[in-house]
Amino acid sequence: MKILFSPFSPYVRKCLVTAHELGLSDRITLLPSSANPVNRDLEIIPLNPLGKVPTFFADDGQVLYDSRVICEYLNDLAKGSLIPAAGSARWQTLTLQALGDGILDAALLARYEDAARPAERQWPQWRAAQLDKAETSLAHLDAHPGLLANRVDLGALAVGCALWYLDLRFADFDWRARHQPVADWYAAFSKRPSMAAAWSL
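I will try to describe carefully the structure that is included in this document. Since the structure is predicted, the reported quantities are computational estimates derived from the model, not experimental observations.

A few points about the sheet that holds strand β3 (residues 56-57)
Next, step 1: If you trace the four strands from one edge of the open sheet to the other, you get β2-β1-β3-β4, paired in mixed fashion. Two strands close off the open sheet at either side, each with one partner strand: β2 (29-32) and β4 (63-64).
Next, step 2: Pairing analysis gives two bridges linking β3 to β4, with the strands arranged antiparallel. Considered in β4, the bridge of Phe 57 is made with Val 63.
Next, step 3: Together, β1 (2-5) and β2 form the strand contacts of helix α1 (residues 10-21), whose direction differs from that of β1 by roughly 150°.

A look at helix α2 (residues 67-77)
Next, step 1: For α2, the set of buried residues is Ser 67, Ile 70, Cys 71, Tyr 73, Leu 74 and Asn 75.
Next, step 2: With its phi angle positive at about 55°, Lys 79 sits one or two positions after the end of α2.

Comments concerning the packing of aromatic side chains
Next, step 1: This structure, assessed with the given rule, holds seven aromatic pairs.
Next, step 2: Judged by centre distance (6.1 Å) and plane angle (25°), the ring pair of Trp 123 and Trp 126 falls under stacked.
Next, step 3: Accessibility expressed as a relative area gives 32% for Trp 126, which makes it partly exposed.
Next, step 4: Their ring planes at 70° and their centres at 6.5 Å tell us that Tyr 165 and Phe 170 sit as a pair that is edge-to-face.
Next, step 5: Each member of the aromatic cluster is reached from another via a ring pair, and the members are Trp 175, Trp 185, Tyr 186 and Phe 189.
Next, step 6: The ring of Trp 164 is capped by Arg 13, whose NZ or CZ atom sits 4.6 Å from the centre of that ring.
Next, step 7: When the ring centre of Trp 91 is taken as reference, the NZ or CZ atom of Arg 90 above it lies at 5.5 Å.

The rules we used
Residues numbered from 1 in each chain as written. Predicted model: local features only at pLDDT ≥ 70, side-chain atom pairs only at ≥ 80, totals over all residues. Heavy atoms only, no water. Pairing = 2+ DSSP bridges. Helix = DSSP H or I, 4+ residues; strand = E, 2+ residues; numbered from the N terminus. Contact = heavy atoms within 4.5 Å. Axes fitted to C-alpha atoms, helices over the stretch in contact; angles between N-to-C directions. Buried < 20%, exposed > 50% of the residue type's maximum accessible area, 1.4 Å probe, protein only. Phe/Tyr/Trp six-rings, centres within 6.5 Å; stacked < 30°, edge-to-face > 60°. Lys NZ or Arg CZ within 6 Å of the ring centre and 35° of its normal.

Printed below as a string of structure tokens:
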């Protein structure tokens, strides 16, 4: 198996953390990529018309994207339990994954405002509104601690990767100062071998 890799992509990281939890990480080869929201990597587009990472190559020749599909594939391949098969537990896990992914979507838009848009065209209110999505999501998790407590599933992994990315790109956001329950959870969860792992080409 192979995956188009960027060391700072939180969605690539989510896939690799999932593979690590499932005991599959040693079977995945990292492939370099130059995905960019403006200067698109033309080598990716024939494989994934969105031109994005992660793009994943299964051993049977299938090309899979995005992270949600890749993580579900890995869980199925390993006969894992990161996504419950049915019932309310399944929908809770997938909804929590959507919350983590939503934080990441918003954070990436804020990041692109900083890093990809010319300075004279930047829109501070847009950036602030995107980060406010992270703010309200973390407040929701603070108010409902049972959503994260005592679980290791794809939902928790998605939230963990979102917090990793906020730390990576938005030190000034200082989310821990306002969200102590989530900070306490992440302090423990981030010590999992999968979350603490570092990947490079």
